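# Descriptive structure summary
Letter by letter, the chains look like this.
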Amino acid sequence: MGGKPFYITTTLPYVNASPHMGHALEFVQADTLARARRAQGDEVFFSTGTDEHGQKIFEAAQRAGQSVQDYVDHYATEFQKLGAALDLSNDAFIRTTDPAHIKAAENIWRRCEAGGDIYKKTYAGLYCVGCESFKTEKECEGGKCPLHPNAELKEISEENYFFKFSNYQERLLAYLEQPNVITPEWRRIEAINFVKGGLEDFSISREASRLSWGIPTPDDESQVMYVWFDALTNYISTLGWPKDVEGNFQKFWTDGQTLQVAGKDQVRFQSLMWQAMLMSADIKNTDTVFYHGFITSGGQKMSKSLGNVINPLDLVEKYGTDAVRYILLRHVSPTEDSDLTLDAVHEYYTAHLTNGLGNLIARVMKLAETHLEPSDIARMETPHVRVDAMDDFQFNKAMDFIWEHVTGLDEYIASEKPFAVVKDEPEQGKEMILSCIKQLHAIATMLAPFMPQTSEKILAAIKENKKPENLFPRKE
RNA sequence: CGCGGGGUGGAGCAGUAGUAGCUCGUUAGGCUCAUAACCUAAAGGUCGCAGGUGCAAUUCCUGCCCCCGCAACCA
């Protein structure tokens, strides 16, 4: 029943700050999709990693008084920790400082260059010394940088390599004609409108003298690649492109189905720039990019100054891996911005996991443990229920569907009272309890991609015919 | 007239041209298998404002108000 090999990747977090809830959301969504495909029998390659080059990282390392390498190593570890805490099933963890990735970035550069899409020109812009970066005119207020109104904006001109984005307007529009290339649909419209507005070539390198932490451009040591040109290449370098000694690139990218998961601010990078790069390098385009929304807290962006930051690792520590996955998948909209507060997290946990699923597992398994024999379990047929909502990235709808079964089973027990029937009519009661177990089994199976550890614990409990330890202990 | 998303009972969200649903919270019952859990019922909304089209609009159209993102080299 397996389909094409399935490739899925997250964007690579930029390692200039610690992991936040947005990263956790993207990771968990991607992991759930990967697990769901594996459960369908598809061969899956799930990749994630870290983006480690660029000026900001260089500066952040200096501020932290660390060598850049130590600094990026530290953050790569942080993200790997989060991945482990969320029980990600990724097959690869790519770092853009990996030698193989650097080779790949050089290679795609050469291919774009061979295609005539890379050229050198002088870039003149207003440079804010305070920000250490160029400002567009729109960003400036009254000729001053809004962040550093006292610093003089300097007109700096610099020779950089540019990518002929403008060459790809028609081909990008043709690509965007395909309804599935972007989800949700309205972001595809957004992308089309943007392309129709005209595309400007963009600079893909910086002078090495100003920015040392990057991949040198091939054949020109005086320049380094601008970080995202390098970073975007990760989606194929992680598969072993270009050498492809293991054949993963051919299997998963060329012959497989490809899906990228990204934040809603990424449309231009993932669906336009990256796709144009692929066209230039004569590599197949991404089949689908799914864009999720952002998580706010208390109606505002999470920020350290507001003090409303929710740290995903803290949350996992307090509530557990599957509880965090549950909240991100069910109580966060897949594509719209969603609000999450610690109070809300606590409420969802208590209401649906402690009182809901956890209690249901306990009451059903207690009945089974008391009244059923292992032989009853062994002869049980286990139904499989398909979760349709997953076809459309509707994680929350899929979870709602599963929870209808949870509630339904609670209702069944309350109205049919198997615990009472079994006292007077043991055989009939046992059959009723067995049907409860079947339902619980179905719930556990459906839950597997979303809450893998919970799913396994339920299935193990059913198999052993033993009430498990409290899966979701009450929290203060 | 820059682009997009949103304004629905106390809170958070669904939803549809024709008795407005869900989760949490509140109140009253019930049950006792279970984690003081679970089940049932009730209270609570002029579905942002004003017009328009329709037999009928929260749902379609127009205008306005308010909130939130984005506005290209930002990884």
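Quick look at the structure, then.

Conventions adopted
- Residues numbered from 1 in each chain as written.
- Chains lettered and ligands numbered in written order.
- Predicted model: local features only at pLDDT ≥ 70, side-chain atom pairs only at ≥ 80, totals over all residues.
- Heavy atoms only, no water.
- Core = buried A, V, L, I, M, F, W, Y, C linked by side-chain atoms within 4.5 Å.
- Buried < 20%, exposed > 50% of the residue type's maximum accessible area, 1.4 Å probe, protein only.
- Helix = DSSP H or I, 4+ residues; strand = E, 2+ residues; numbered from the N terminus.
- Domains from an automatic or database assignment.
- Contact = heavy atoms within 4.5 Å.
- Pairing = 2+ DSSP bridges.
- Expected span 1.5 Å × (residues − 1).
- Bend = angle between axes of the 7 residues up to and from the residue.

The biggest cluster of nonpolar side chains holds 87 residues, and the ones touching the most others in it are Ile8 and Trp403. The element best represented in this core is helix H13 (residues 342-371), accounting for 12 residues. Taken domain by domain, this core gets at least three of its residues from each of domain 1 (5-292) and domain 2 (341-464).

Among the structural elements, Ser333 can be located in the loop between helix H12 (321-330) and strand S16 (338-339). Excluding its chain neighbours within four sequence positions, the residues that come into contact with Ser333 are Ser338 and Asn396.

Across the sheet, which stays open at both edges, the 6 strands sit in the order S3-S2-S1-S12-S13-S7 with parallel pairing between neighbours. Each end of this open sheet is capped by a strand with a single partner; those strands are strand S3 (92-95) and strand S7 (182-183). Pairing of strand S2 (residues 44-50) with S3 involves 4 bridges; the strand directions are parallel. Paired with Thr50 across the strands is Arg95, a residue of S3.

Between its first and last C-alpha atoms H13 spans 41 Å; for 30 residues at 1.5 Å apiece the expected length is 44 Å, and the two agree. Roughly 35° is the biggest bend found in H13, and it falls at Asn359.

Glancing now at unusual backbone geometry. With an omega of 0°, the peptide bond running from Thr183 to Pro184 counts as cis. Here Pro184 lies in the loop between S7 and helix H6 (185-196). Geometrically, the link from Trp241 to Pro242 is a cis peptide bond, its omega value of 5° lying close to zero. Note on placement: Pro242 falls in the loop between helix H8 (234-237) and helix H9 (248-254). Its identity is not glycine, yet Asp244 carries a phi of approximately 55°, on the positive side. Summarising the element assignment, Asp244 is placed in the loop between H8 and H9.

What follows is about helix H2 (residues 55-63). Since the α-helix packs 3.6 residues into each turn, any two residues three or four apart lie on the same face. Listing the buried residues of H2 in full gives Gln55, Ile57, Glu59, Ala60 and Ala61. Those residues of H2 that are buried lie in contact with helix H3 (68-85). Within two residues after H2, Gly65 carries a phi angle of roughly 70°, on the positive side.

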